[in-house]
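What follows is each chain in one-letter form.
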Amino acid sequence: MAPSLNQACIAFQGGGALGMAHLGAWQVLARRFNIIGTAGTSAGSIVAALCAAGYNPAHAIDLFYDLEWPEYVKPQFWLDLFRKRDGWSDGERFYQWISARLTTYLSVQTQHVTFASLYQETGIYLAITACDLLTTAEESKV
């Protein structure tokens with residue numbers, strides 16, 4: 001009989017390509033811990049969401065390896081990035097990609113995955129943190 005694993009919650013930070021490094025860290029931690037909660041920001045939130053959706057680390061690594069990254073970046077003149085305060089991507093294509101991946105292991109296929117639906121299916125808590133750099137403190141007062 002295999003020894004039971006200790007339960008753990010893990011958090012992944014942001015940092016673009018650093019998010020890919022989280023895949024390896026998750027793989028090592030999953031060998032020793034039963035992940036019951038995960039959190040992340042930016043690139044780390046992508047890894048956290050896949051974990052909460054029931055992916056195993058090796059499958060998530062394969063997903064990122066096979067992802068055609070240039071398809072998710074819209075080409076634009078670099079000066080427009082500063083003028084429009086825009087990003088390389090509007091995020092819509094990646095949103096569609098991640099939404100499709102998150103529903104893979106859900107018993108009820110739905111267009112919109114929620115934190116509650118992920119938890120109901122997998123029993124893994126998910127928290128994602130973000131901030132709005134364009135809104136000032138005064139604008140955000142309630």
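Anything mentioned here points back to the structure above.
Each residue is numbered by its place in its chain's sequence as written, counting from 1. The model is predicted, so local features are restricted to residues of pLDDT at least 70 and side-chain atom pairs to those at 80 or more, both for listing and for counting; the totals for chains, interfaces and linings are taken over all residues. The side-chain values count all of the structure's non-hydrogen atoms but skip hydrogen atoms and water molecules.

Novice: Sorry, what's going on with the environment of Gly 19 here?
Specialist: Locating Gly 19 in the fold gives a position in helix H1 (residues 18-32). Remark: the alpha-carbon pair of Gly 19 and Gly 40, spanning 21 residues in sequence, is separated by 9.6 Å. By definition in these notes, contact holds between two residues if any of their heavy atoms fall within 4.5 Å. Setting aside chain neighbours within four positions, we find Gly 19 in contact with Ala 43 and Val 47. Numbering goes from the N terminus for both helices and strands, where a helix is a DSSP run of H or I of at least four residues and a strand is a run of E of at least two.

Novice: What's the story with the sheet that holds strand E2 (residues 33-41) in this structure? I'm lost.
Specialist: Strands pair in a sheet through their backbones, by hydrogen bonds, and they do so in one of two ways: parallel or antiparallel. Strand order in the open sheet formed by three strands is E1-E2-E3, with parallel pairing between adjacent strands. Each edge of the open sheet is held by one strand with a lone partner, namely strand E1 (6-12) and strand E3 (125-129). On average, adjacent strands in this sheet sit at an angle of 20° to one another, irrespective of strand direction. Bridging between E2 and E3 involves five bridges; their strand directions are parallel. Directly across from Gly 40, in E3, lies its bridge partner Ile 128. Two strands qualify as a pair provided that DSSP identifies no fewer than 2 bridges between them. Whenever a helix is involved, its axis is fitted only over the stretch in contact; in every case the axis is a line through C-alpha atoms, and angles between N-to-C directions fall within 0 to 180 degrees.

These figures come from the coordinates and say nothing about function on their own.
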